[in-house]
Amino acid sequence: MTQHDAFSGLMRDASASSPSEEWLARALELLREGRRVMSLRPEPTVSEATRGMPAVMQALIEEGHPMSPSELARKAGVSDARIANTLRALEKRGYVERRGCEHDRRRVEVLVTEKGYEVASKHFEECLDLIARFLEELGPEDTESLVHVVGRIGEVMEARRAEGRQVHI
């Protein structure tokens, strides 16, 4: 049995409250295209500890003030377990530092160092340039569609979250 047959069988077994065959077929097509795109990415060259670093650095810089590790984890969208490893790796590189809170000695705050800000700024510029080049190749019409669809996905996810419905797999 091919993978397509297996997926088609799953779609036929869906309950009456499930999405229509048409929407399930579109979802399957999106999953396949997503998998194809992801397979084209280069192999990661960073260790497990570095996963989440860009999101953590971005969150700290966007907030513009020191944050506790748990606040930072929520803002960056990483788990509490991941934040500990990520902060340790960022500290080792000299990108962030942890210090005791002035107002509450039990609390630890994380802040971006000058070196961290410089590295994050350079990384952001490189990412922005790469994305702009991809968008240029897509062309104005497809770029506008992509931006619109991603925005709509965000709106749907926010609405689902507000309603207490499932947002991720």
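For the structure itself, consult the block above.
Let us look at the structure shown here. Given the structure is predicted, the values throughout are model-derived calculations rather than measurements.

Analysis parameters
Residues numbered from 1 in each chain as written. Predicted model: local features only at pLDDT ≥ 70, side-chain atom pairs only at ≥ 80, totals over all residues. Heavy atoms only, no water. Helix = DSSP H or I, 4+ residues; strand = E, 2+ residues; numbered from the N terminus. Buried < 20%, exposed > 50% of the residue type's maximum accessible area, 1.4 Å probe, protein only. Contact = heavy atoms within 4.5 Å. Areas by Shrake-Rupley, 256 points an atom, 1.4 Å probe, with all protein chains shown as cover. Phe/Tyr/Trp six-rings, centres within 6.5 Å; stacked < 30°, edge-to-face > 60°. Lys NZ or Arg CZ within 6 Å of the ring centre and 35° of its normal. Axes fitted to C-alpha atoms, helices over the stretch in contact; angles between N-to-C directions. Parallel < 35°, antiparallel > 145°, perpendicular 65-115°, else oblique. Nonpolar A, V, L, I, M, F, W, Y, C, P; charged D, E, K, R; others polar. Expected span 1.5 Å × (residues − 1). Patch = residues over 30% accessible without salt bridge, like charges linked within 9 Å, V, L, I, M, F, W, Y side chains within 5 Å. Salt bridge = Lys/Arg side-chain N within 4 Å of Asp/Glu carboxyl O. Core = buried A, V, L, I, M, F, W, Y, C linked by side-chain atoms within 4.5 Å.

On to the overall build of the chain, then. Secondary structure summary: the chain contains seven helices and two strands in total. N-terminal to C-terminal, the α/β element order of the chain is α-α-α-α-α-β-β-α-α. Out of the 169 residues belonging to the chain, those deemed buried represent 20%. Taking the intrachain contacts of the chain between residues at least 6 apart in sequence as the baseline, contacts between residues at least 24 apart amount to 41%. Accessible surface, the chain as shown: approximately 13,200 Å² in total, 56% of it carbon and sulfur.

What describes a pair of aromatic rings is the distance from one ring centre to the other and the angle between the planes of the rings. Applying the stated rule across the entire model yields zero aromatic pairs. A cation over a ring is seen here: R26 above W23, with NZ or CZ 4.8 Å from the ring centre.

Running from N to C, helix α3 (residues 53-63) and helix α5 (residues 80-93) cross one another at 80°; their axes reach a closest spacing of 10 Å. Considered as vectors, α3 and α5 are oriented roughly perpendicular to each other. Residues M53, V56 and M57 of α3 form the contact with α5, whose participating residues are I83, T86, L87, A89, L90 and R93. For the contact of α3 with α5, a count of residues per class yields seven nonpolar, one polar and one charged.

Moving on, we come to the environment of V96. You can see V96 is positioned in strand β1 (residues 96-100). Those residues in contact with V96 that sit more than four places away from it in its chain are M57, L60, L87, L90, E91, V110, L111, V112 and T113.

Bringing helix α7 (residues 140-162) into the picture now. End to end, α7 covers 33 Å across 23 residues, agreeing with the expected 33 Å (1.5 Å per residue, within 8%). In the segment just after α7, G164 is the residue with positive phi, at about 80°.

With that settled, consider a nonpolar patch on the surface. Together, L138, L146 and V150 make up an exposed nonpolar region whose accessible area comes to about 250 Å². Here L138 shows up in helix α6 (residues 114-138).

Scanning the model with the defined rule gives eleven salt bridges in all. Salt-bridge contacts for E109 lead to R99; the nearest nitrogen and oxygen are separated by 3.8 Å. On the criterion of sequence distance, the pair formed by E109 in strand β2 (residues 108-112) and R99 in strand β1 is long-range, its members being ten residues apart. When its relative accessible area of 12% is taken as the criterion, E109 is described as buried.

This next bit is on the nonpolar core. Grouped together as the largest cluster of nonpolar side chains are 18 residues, with contacts concentrated most on V56, L60, L72, I83, L87, L90 and V96. When contributions to this core are tallied by element, the ones reaching two or more residues are α3, α4 (69-76) and α5. The greatest single-element share of this core, amounting to five residues, is contributed by α3. Among residues more than four places away in sequence, those in contact with V56 are L72, A76, V78, I83, T86, L87 and L90.

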